[in-house]
Amino acid sequence: MINKRFRLAARPVGLPKRSDWTYEELPVAEPKDGELLIRSLYISLDPAMRGWMNAGKSYVPPVEIGDVMRAGAVGEVIASRHPDFKAGDYVSGMLGMQTHAISNGRNLFKLDAQAAPLPKYLSVLGMTGMTAYFGFLDVGLPKPGDTVLVSAATGAVGSIVGQIAKIKGCRPVGIAGGRAKCEYAVSDLGFAGCIDYKRGPIFPGIAQHCPEGIDVYFDNVGGEILDAVLTRIRLHARIVICGAISQYNNTTPIQGPKNYMSLLVNRARMEGFVVFDFAARYAEAIHQMSQWMKEGLLVSKEDIVDGIETFPETLLKLYAGENFGKLMLRVAH
Ligand SMILES: NC(=O)c1ccc[n+]([C@@H]2O[C@H](COP(=O)([O-])OP(=O)(O)OC[C@H]3O[C@@H](n4cnc5c(N)ncnc54)[C@H](OP(=O)(O)O)[C@@H]3O)[C@@H](O)[C@H]2O)c1
């Protein structure tokens, strides 16, 4: 058996490129006592990967030069010398950008492959679904009747936030790039409206779709869109800082919010969060979201690309807005 993997070779400047990693194929190692061997089936591609490649302090340590690139994955146990796992179990965890991983079992979650198709454990029932659930409900503190604006509205996180907002009696409005994504947001995800930011300034769209202003803004993109939204928030608005993808590949310092005095004027709050802080409550979110899926209230879309070898180029789809749904690689069948 051969393990195909990508190790970090250089810290990127701007958009990452293939030469920022080393691709290798080498024989798969044998698990030792207390270890198990996992064959990855699907590997998650996440905007945060760009940040993990930078040196310096963050919410997780940087990937060091020479390390296997950090990545979440779903896989099948193919050999085990660990008491809690057996061959044939399905698991998810941070298995890295590689086809085979040795694990000591720590931070591995067992999956019920009968309950949902495996890719769902990287999308709505995985890290991005958890991000939407806890970021929106625990940080956004929505109330029925709230106008909820969501950027990257058709993406892995944004699409789930919009649907939960609707379930909770709010009025979700999306911001997305392009006509097809905006149509999908309204027709399939239940957004009340969607603003195509690629067509021009978003102020008229906000005025049209959020005439009373914005109660909750779930921000996935930062930059100019955040600035524009800040001018339209309501009294006691909550701005959830989930991410700032428009800034991740900057070669100049990140653009901070210009219009932040609007927080003072509107007695509003802007708060960041990291999904990993909610790990102890993932089971609660998975249970609730599975229930909503069964009731037909929650759908998710996966954008699956074949082949681990395509990793460097496929990752770039996220920063160009070329993914439609949760982006992941299928690395085995
Ligand atoms: N805080 C946490 O714990 C946590 C955890 C997971 C993810 N996140 C964050 O959540 C956000 C969404 O992640 P995801 O996995 O769901 O990705 P995603 O939304 O599925 O994909 C990224 C999307 O961002 C949009 N985008 C890219 N460049 C942009 C730009 N310059 N301006 C505006 N929009 C841009 C694109 O959508 P359009 O085509 O619509 O432009 C693209 O499809 C990211 O910021 C990520 O870092 C945070």
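None of the values given here were measured: they were computed from a predicted structure. (Residues numbered from 1 in each chain as written. Predicted model: local features only at pLDDT ≥ 70, side-chain atom pairs only at ≥ 80, totals over all residues. Heavy atoms only, no water.)

*Asks:* Any details on the nonpolar core? Residues and values, ideally.
*Replies:* Core analysis: the largest hydrophobic core is formed by 46 residues, its most contacted members being Tyr133, Phe136, Ile164, Phe218 and Met289. Those elements that provide at least two residues to this core are β3 (36–44), α2 (127–139), β8 (147–151), α3 (156–167), α4 (179–187), β11 (214–219) and α8 (282–294). Sorting elements by how many residues they give to this core places α2 first, with 7 residues. Counting the residues that make up this core, at least three belong to each of domain 1 (2–122 + 301–330) and domain 2 (127–276). Not counting the four nearest positions on each side in its chain, Phe136 is found in contact with Thr131, Leu141, Pro142, Val148, Val161, Ile164, Ala165, Cys170, Val216 and Phe218. (Core = buried A, V, L, I, M, F, W, Y, C linked by side-chain atoms within 4.5 Å. Buried < 20%, exposed > 50% of the residue type's maximum accessible area, 1.4 Å probe, protein only. Helix = DSSP H or I, 4+ residues; strand = E, 2+ residues; numbered from the N terminus. Domains from an automatic or database assignment. Contact = heavy atoms within 4.5 Å.)

*Asks:* Break down the site of the ligand for me, with residues and values.
*Replies:* Around the ligand sit 28 residues in total, of which Lys181, Tyr197, Tyr248, Val275 and Asn323 are the nearest. Measuring from an oxygen atom of the ligand, one finds a backbone N or O atom of Ala156 at 2.8 Å. Measuring from an oxygen atom of the ligand, one finds a side-chain N or O atom of Asn323 at 2.5 Å. Within the complex, 91% of the 920 Å² of free accessible area of the ligand lies under protein. Counting residues per element, the ones that place at least two in the shell around the ligand are α2, α3 and α9 (311–320). The leading source of residues in the shell around the ligand is α2, at 3 residues. Counting the residues that make up the shell around the ligand, at least three belong to each of domain 1 (2–122 + 301–330) and domain 2 (127–276). (Near = heavy atom within 4 Å. Polar contact = N/O pair within 3.5 Å; in protein donor to acceptor, adjacent residues only side chain to side chain. Areas by Shrake-Rupley, 256 points an atom, 1.4 Å probe, with all protein chains shown as cover.)

*Asks:* Provide a residue-level description of a nonpolar patch on the surface, including the pertinent values.
*Replies:* Side chains of Tyr260, Met261, Leu264 and Val265 sit close together on the surface and give an oily, nonpolar patch of about 430 Å² of accessible area. Summarising the element assignment, Met261 is placed in helix α7 (residues 261–265). Owing to a relative accessible area of 46%, Met261 belongs among the partly exposed residues under this scheme. (Patch = residues over 30% accessible without salt bridge, like charges linked within 9 Å, V, L, I, M, F, W, Y side chains within 5 Å. Salt bridge = Lys/Arg side-chain N within 4 Å of Asp/Glu carboxyl O.)

*Asks:* How would you sum up the domain arrangement of the chain? Please name residues and give values.
*Replies:* Domain annotation for the chain reports domain 1 (2–122 + 301–330) and domain 2 (127–276). Between the C-alpha centres of domain 1 and domain 2 the distance comes to 28 Å. Counting from both sides, the interface comprises 20 residues of domain 1 and, opposite them, 14 residues of domain 2. Between domain 1 and domain 2, the buried area comes to about 1,400 Å², and carbon and sulfur atoms account for 65% of it. Taken together, the links from domain 1 to domain 2 amount to 0 salt bridges. Linking domain 1 with domain 2 are 4 residue pairs in polar contact (both at pLDDT 80 or more). Ranked by residue count, the leading element in the side of domain 1 that touches domain 2 is α9, at 3 residues. Across the side of domain 1 that touches domain 2, the residue classes tally to 12 nonpolar, 4 polar and 4 charged. (Buried area = accessible area lost by both parts, 1.4 Å probe. Nonpolar A, V, L, I, M, F, W, Y, C, P; charged D, E, K, R; others polar.)

*Asks:* Just give me the short version of the pairing of strand β14 (residues 302–306), but keep the residues and values in it.
*Replies:* Side-chain alternation along β14 places Asp303 and Val305 on a buried face and Glu302, Ile304 and Asp306 on a face that remains uncovered. Regarding topology, α9 serves as the crossover connection from β14 to the parallel strand β15 (residues 326–330), and that connection is right-handed. (Right-handed = clockwise from strand over helix to strand, strands pointing away.)

*Asks:* Which residues make up the pattern of salt bridges, and what are the values?
*Replies:* This structure, assessed with the given rule, holds 20 salt bridges. Glu24 is paired through a salt bridge with Arg5; the nearest N and O atoms lie 2.7 Å apart. Of this pair, Glu24 sits in strand β2 (residues 21–27) while Arg5 sits in strand β1 (residues 2–8), and the two are 19 residues apart along the sequence. With respect to class, Glu24 is no different from Arg5; both count as buried. A salt bridge links Asp33 to Arg81; the shortest N-O distance between them is 2.9 Å. Of this pair, Asp33 sits in the loop between β2 and β3 while Arg81 sits in the loop between β4 (73–80) and β5 (90–93), placing them 48 residues apart in sequence. According to the relative accessible area criterion, Arg81 is partly exposed, its value standing at 45%. Within this structure, Arg5, Arg7 and Glu24 form a network of salt bridges that share partners.

*Asks:* Could you give me a rundown of α9, with the residues and numbers involved?
*Replies:* Here α9 has its buried residues at Phe311, Pro312, Thr314, Leu315, Leu318 and Tyr319. Where α9 is buried, its residues contact β1, β2, α1 (49–52), β14 and β15. Trailing α9 by a residue or two, Gly321 shows a phi angle of about 70°, which is positive.

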